[in-house]
Amino acid sequence: MSVEKTHRPWLNAVIVSPCSKYFFVVLAVVSLIASIEIWPLSVTHSVFEHGFYFLVMATFAITCPFIAHRIHVTHRIQKALKQAESVSEASVKSEQLIRTIVDSAPNMMGYWDKNLRCRFANNAFSEWFGMPPEDVIGIRFQDLVSEQLYALNEPHIRAVLAGKPQRFERTLTKADGSVGHIIGHYIPDFEAGGTVRGFSIQANEITVLKEIEAKLKLAACVFDNTLDGVLITNVDGVILSVNPGFVEITGYTVEESVGQTPHILHSDRHDQAFYTSMWEEINAEGCWHGEIWNRRKDGELYLQRMTISVVLDGIGEPMRYVSVFSDITALWKKDEHIRHLAFHDALTDLPNRTLLMDRISQKLLHSNREESHFALMFLDLDGFKLVNDQLGHKFGDDLLKDVAKRLLALVRSSDTIARLGGDEFIFLLNNPRGRDEITDVANRIVASINEPIEILGEVVQIGVSLGIATFPADGDSASDLIINADSAMYAAKSFGNNNIRFFSAEHSPLPKPIVLK
C-alpha cells in the first residue's frame, strides 16, 4: 500500500504532463530505427535469436505510439474536465453574486409561473409579507395576499399572462400593520414559441416619497393660496418662482417676473445705505424683517411689510432667498389718517393747537442753533358770530373753510397757518425781514379776508383783527408768545374791525394801532 501511494503521484504527473506523449513517440521512432539497424547483424546470429530481437523492437515501437496516444487522450479529457470545473465554479460564483445583489435590493422581486405559484422571491419580498423565503417559494398568489388585494391585482395578472407588461400603484398593509405605498411592475416571461410561461414581479416601495409628496402638495397649496406675496430667488438674486399673491400685489405676471430680479419693484424711496444695512443683517442673522416701499407694475407706490429668509444647502451655504410680504399701504394710510386727525383741525384741515405748539417748539430749538426769529400773528374774525347766528352753522362752517383757503394762499412753505378753534387762527411767519415785512403780510391777510365771500347763494363780508408777537423780543416760549399775541389782538379789536396791533411791553393799556393804507 505504501509503495502504491508513493508512486501514484509520480504516475499521475507523468500522465498529466503534456511532454510525456512526445517522449513515447520519440522512443518508438528510436526503437524502429534500432530494429532496422540490428537486422543486418542477423547473419551472425541464428534465425531464432534474430527474430526474437526484431520482435521485441517491433513490439516496443508499436506500443510506444499507442501509449503516447492514450496519454494525449487522457490529457485532453483532464483539460476539458478542468475547463468544465472552472466554468461551473464561475457560474456558481456568478449565481451567488446575482443572488446576493437581488437579496440585498430594497425592491421586492419575485417570479410566478403561469399557475400563479411563486418560484422565486428575494428577502425584501419575504420581509414585506413577514414570511421566510422557503415558505414563500411554492405558495399560490391567492394564498399570499388577501382576497381584496387579489381582486385588485387580478386584471393585471390576466393582462401580463396575455403578454402585456403592467405598471400600477398600490397602498398596502404590511405584515407589521403599517401602511406602505408601492409602484408595481409585472413583466411577462416568454417561451421560445412566444407563449407566456410566467411573469416576474418588481415592486418599489415609495412610502417615504409619498410622504414627501404629501408635504410638497401641502406646501404648494399654501404657496398658491396665501394672500401674502412670496418671491424665491437664487443666490444671484434671479427670481425663480412667485405665487399668485405676488401677482395680485405687484401686478407682474409669473412670466414677467421669473428670470428677472427684484429690482423691477424698486421704488427709489430708499437710499443705498438702507439696502446695505438690510443685506448685512440677512448675511449675519439669516433673516430680515421690516417695512419697505416698492412700486407696482402700473407705477403706483405701495408699502409692504416683508421678511427675507436664507435657505441653506447641505454644507451651510446660501442656496435660495425667500421673501414673504404683505401690502400694508391701506393700513399705513389709515394710520396716517388717524395721525393726521390727531394734529389737524377736522373742519378746515389746518394744523390744530397740538401741531402748532410742536412747530413753535421746533422753531425755538432751531433758533437756538441758528439765531433765527419769527412772528406769531393771532387772528380773530370780525362779524363771524353774527353771520353764523343769522345764516346757520352750516353756513358758518363753509365760511371758516373759505377763510382757511385764503390764508393758505398767503403762506410760504416755511410758514404755518393753524386754527385754534371757533374763529381764531394763528399765522406763523418764519424769518421775516424786519417789521415792515410783517406789516405787509398782515395787511395782505386783512385785505384777503375783507373780500366778499359767496356761500350757498349768499354774499357776505367779514373782517379780521390781528395781534402780533415776535420772537425773541416778545417771549421765549410758545405759551408766552400766544398770550402776548392774543393781548395785542384784543387791543387791535378795541379800535374797531380790520386793525393790526404789535404787542408792546409798555404799561399803556392800549398800544397805538396801525392805520391800514
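In this text the structure is predicted, and so the values were computed from the model without any measurement.

## Considering the sheet that holds strand 13 (residues 424-430)
Consider a sheet: its strands pair through backbone hydrogen bonds, and that pairing is either parallel or antiparallel. The strand order across the open sheet formed by 5 strands is 12-13-11-16-17, and the pairing between neighbours is mixed. With one partner strand each, in any of the chains shown, strand 12 (416-421) and strand 17 (500-502) form the two edges of the open sheet. Sheet twist, expressed as the average angle between the axes of neighbouring strands with direction ignored, equals 20°. Relative to strand 17, strand 16 (residues 463-471) runs parallel, the two sharing 3 bridges. What sits directly across from G467, in strand 17, is R501. Strands in contact with helix 15 (residues 393-408) are strand 11 (374-382), strand 12 and strand 13; relative to strand 13, the strand with the most contacts, it is inclined by about 5°.

## Examining the nonpolar core
M377, L379, L381, F425, I445, I449 and L466 are the most contacted members of the largest nonpolar core, which has 32 residues in total. Elements supplying a minimum of two residues to this core: strand 11, helix 14 (384-391), helix 15, strand 13, helix 16 (435-450), strand 14 (453-455), strand 16 and strand 17. Excluding its chain neighbours within four sequence positions, the residues that come into contact with L379 are L407, D423, E424, F425, F427, I445, I449, V464, S465 and L466. In this structure, C118, F125, Y150 and I201 belong to the second largest nonpolar core, which totals 24 residues.

## Some words on the confidence of the model for the chain
Within the chain, residue pLDDT values average 83, and 80% of them lie at 70 or more. In the model of the chain, helix 1 (residues 2-16) stands out as the element of lowest mean pLDDT, 48, in contrast to strand 11, which has the highest, 95. Per-residue pLDDT stays below 50 along residues 1-7; that stretch engages in 0 contacts with residues further than four places along the chain or on separate chains. Taken as a whole, residues 507-517 scores under 50 in pLDDT and shows 20 contacts with residues more than four places along the chain or in a different chain.

Cut-offs and rules
- Residues numbered from 1 in each chain as written.
- Predicted model: local features only at pLDDT ≥ 70, side-chain atom pairs only at ≥ 80, totals over all residues.
- Heavy atoms only, no water.
- Pairing = 2+ DSSP bridges.
- Helix = DSSP H or I, 4+ residues; strand = E, 2+ residues; numbered from the N terminus.
- Axes fitted to C-alpha atoms, helices over the stretch in contact; angles between N-to-C directions.
- Contact = heavy atoms within 4.5 Å.
- Core = buried A, V, L, I, M, F, W, Y, C linked by side-chain atoms within 4.5 Å.
- Buried < 20%, exposed > 50% of the residue type's maximum accessible area, 1.4 Å probe, protein only.
- pLDDT = per-residue confidence, 0-100.

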